[in-house]
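Below are the chains, spelled out letter by letter.
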Amino acid sequence: MGNYYQIAGYHKNGTIMHDTRVTRMQQESGQQVIIIGGGASGMIAAIAARRSGAEVTLLERNPRIGKKLLATGNGRCNFTNLYADVRHYQGTNPKFVYSALSQFGVAETIAFFRQLGIDHKVEDCGKVFPMSDQASSVLDVLRYEMEDLGVAVRCDARVREIRRGTGVFRLQLDDGSTVSGDRVILAAGGKAMPATGSDGSGFDLARQLGHTVVDPFPALVQLKLEGDFFKQVEGLKFTGTAEILREQSQGGFRMVAGERGEILFTSYGVSGPPILQISRKAGELLQAGERPWLRLVVFDARTPDDMNRLLSERFQNMPRKTLEISLVGLISKRLIPVLLREAGVADPRCRVANLPGGEREKIAGILTDWKLPVRGTMSWQSAQVTAGGVSTAEVEPRTMESRLAPGLYLCGEVLDIDGACGGYNLQWAWSSGYIAGSSAASGDA
Ligand SMILES: Cc1cc2nc3c(=O)[nH]c(=O)nc-3n(C[C@H](O)[C@H](O)[C@H](O)COP(=O)(O)OP(=O)(O)OC[C@H]3O[C@@H](n4cnc5c(N)ncnc54)[C@H](O)[C@@H]3O)c2cc1C
């Protein structure tokens, strides 16, 4: 039997207590809304549905709600971004986010959390964090609000099967029990970081009601590269530019994504904010059976010609030094032998005064245009978000209601929408969750 750890607002027999706590709510709507998933989108959906007068039960498979939320923003929860708009989202149809973001966008999100007690601060690139710097405080205020409103939260309650009868949904749980409701909100997340509970079972539940799932793949994730030198440079960082290149059929490359910032070498390839940001494009190409390339620009403030001139001056000033030694002070020491080998330099121990023609150009080239084949992305365990998901063509963007199974609403990462790094994914969870909750409580299925 699942564990009801919080039933404030309900009598033990399950009926709603009418007390002062419901004064912030509209009149009881009589709808029974069941929410599958106690993540960001499910919790806000529960609050919105309850405030709109529905009787709300939230089912969460974990012993506690909000496990992933605690891990967000390195434990600080980058809960929105001042610049959140359609340009920061991807999916088969990114414009799907437009309606939800215009109904419940950044201003509404900040106001919602302020009302719950979360003061905020804005950091670089519009990232918004709670003043407390604690993701746990965001979870706490959501939990207090649900408790105060009388949302029934049932943990250790994994939904295995969902059926839709006339005007009622029947949910079968892993423990054998069933739960019924007039409306269901599917807020079960995607597949990223499955240890937090989102293992893709939301996709199976959507399929059971006839929905199509666009093949999911990990996004905001590290890249695995081809090369045998990564152990040598593991842990080394540099600030530069990373780009995903697509090989053209007529020869050459086309840049499809690029980002500047701190890039970190790992034992398998690369990580760091710019890599996570561009990883979606690499995943997309890999998914389509293509072989993307990563271009690293170690010196991104210089053209190859500038770089060549700078090297020429250095070599003139220290003619007796070997090539390897001559680069100390310009490039991280551990990276020098790797770069010289990757550049195809014949003899790294050659004195720079005796350097054969063309060698300096090779070094200038690799420092401004180092191309490495992408072998893959890291797995779901390391991904921050899921690309792909339930087809948005099958969902009404204004209400988040399913077009195939009226009375079913979907929100958050289970949908084929993913945002950039920087607070955009949580904003999507809040926007779509709030709309799903208020529509489910009031809509006519
Ligand atoms: C490490 C990490 C850091 C991140 N940092 C940020 C950040 O700072 N800012 C940002 O905007 N985004 C961030 N994200 C992304 C963001 O956390 C997610 O996009 C967002 O939490 C998705 O919310 P959701 O409610 O759709 O899904 P989830 O948060 O995944 O919640 C789904 C819930 O459903 C439950 N569930 C699943 N299946 C079932 C079932 N069958 N029955 C019952 N319950 C079920 C799960 O246990 C889970 O609790 C981060 C992600 C990760 C992994």
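The paragraphs below set out a description of the structure included in this document. (Residues numbered from 1 in each chain as written. Predicted model: local features only at pLDDT ≥ 70, side-chain atom pairs only at ≥ 80, totals over all residues. Heavy atoms only, no water.)

## So, the sheet that holds strand β7 (residues 127-130)
Strand order in the open sheet formed by three strands is β4-β7-β6, and the pairing between neighbours is antiparallel. Every other strand in the sheet has two partners, leaving β4 (80-81) and β6 (120-122) as the edge strands with one partner each. In this sheet, β7 lies alongside β4 in antiparallel orientation, the contact comprising two bridges. In the sheet register, asparagine 81 faces β7, and the bridge partner there is lysine 127. (Pairing = 2+ DSSP bridges. Helix = DSSP H or I, 4+ residues; strand = E, 2+ residues; numbered from the N terminus.)

## Regarding helix α6 (residues 201-208)
Inspection of α6 places Ser201, Gly202, Phe203, Leu205 and Ala206 among the buried residues, and these make up the whole buried set. For α6, the secondary structure elements touched by its buried residues are β2 (32-36), β9 (159-164), β12 (183-186), β13 (213-219) and β20 (385-390). Positioned one or two residues after α6, glycine 210 has a phi angle of 95°, which is positive. (Buried < 20%, exposed > 50% of the residue type's maximum accessible area, 1.4 Å probe, protein only. Contact = heavy atoms within 4.5 Å.)

## Here's the deal with the site of the ligand
Taken together, 36 residues are adjacent to the ligand, and Ser41, Glu60, Gly73, Glu413 and Leu426 come closest. One nitrogen or oxygen atom from the main chain of glycine 423 is found 3.3 Å from an oxygen atom belonging to the ligand. At 2.7 Å from an oxygen atom of the ligand is found a main-chain nitrogen or oxygen belonging to leucine 426. In isolation the ligand offers 1000 Å² of accessible surface; the protein chains occlude 95% of this area. For the shell around the ligand, the secondary-structure elements that each account for two or more residues are α1 (40-51), α2 (67-71), α6 and α13 (424-442). Looking at the shell around the ligand, the element that brings in the most residues is α13, giving four residues. Class assignment for the residues of the shell around the ligand results in 14 nonpolar, 17 polar and five charged. (Near = heavy atom within 4 Å. Polar contact = N/O pair within 3.5 Å; in protein donor to acceptor, adjacent residues only side chain to side chain. Areas by Shrake-Rupley, 256 points an atom, 1.4 Å probe, with all protein chains shown as cover. Nonpolar A, V, L, I, M, F, W, Y, C, P; charged D, E, K, R; others polar.)

## Details of helix α8 (residues 273-287)
The terminal C-alpha atoms of α8, which comprises 15 residues, lie 22 Å apart, in line with the 21 Å expected from a rise of 1.5 Å per residue. In the structure, α8 departs most strongly from a straight axis at serine 279, where the bend amounts to approximately 40°. Of all the positions in α8, only Pro274, Ile275, Leu276, Ile278, Ser279, Arg280, Ala282, Gly283 and Leu285 are classed as buried. The first or second residue beyond α8 is glycine 289, which carries a positive phi of 85°. (Expected span 1.5 Å × (residues − 1). Bend = angle between axes of the 7 residues up to and from the residue.)

## Quick notes on the pairing of strand β16 (residues 253-265)
Pairing of strand β15 (residues 237-247) with β16 involves eleven bridges; the strand directions are antiparallel. Within β16, the position partnered with lysine 237 by the bridge is leucine 264. Between β15 and β16, which pair antiparallel one after the other, the connecting turn spans five residues, and glycine 251 there sits at a positive phi close to 100°. Taken together, the two bridges between β16 and strand β17 (residues 269-271) define a ladder with antiparallel strand orientation. Note on β17: the bridge partner recorded for leucine 264 is serine 271. Linking β16 to β17, which pair antiparallel, is a turn of three residues.

## Some details on the nonpolar core
Counting residues in hydrophobic clusters, the biggest one holds 82 residues, and the most contacted among them are Leu69, Leu142, Leu171 and Trp430. Element by element, the count of residues in this core is highest for α13, at ten residues. Listed in part, the 45 residues of the second largest apolar core include Leu225, Ile331, Ile336 and Val374. (Core = buried A, V, L, I, M, F, W, Y, C linked by side-chain atoms within 4.5 Å.)

## Some details on the sheet that holds β17
Pairing between the strands of a sheet is mediated by backbone hydrogen bonds and can be parallel or antiparallel. The strand order around the closed barrel built from six strands is β14-β17-β16-β15-β18-β19, with neighbouring strands paired in antiparallel fashion. Strand-to-strand twist of the sheet, defined as the mean angle between neighbouring strand axes without regard to direction, takes the value 45°. One ladder, built from two bridges, connects strand β14 (residues 223-225) with β17; its direction is antiparallel. Each residue of the ladder has a partner; that of leucine 223, found in β17, is valine 270. Lying on the sheet, helix α11 (residues 335-343) is in contact with β16 and β19 (370-377); it crosses β19 at an angle near 100°. (Axes fitted to C-alpha atoms, helices over the stretch in contact; angles between N-to-C directions.)

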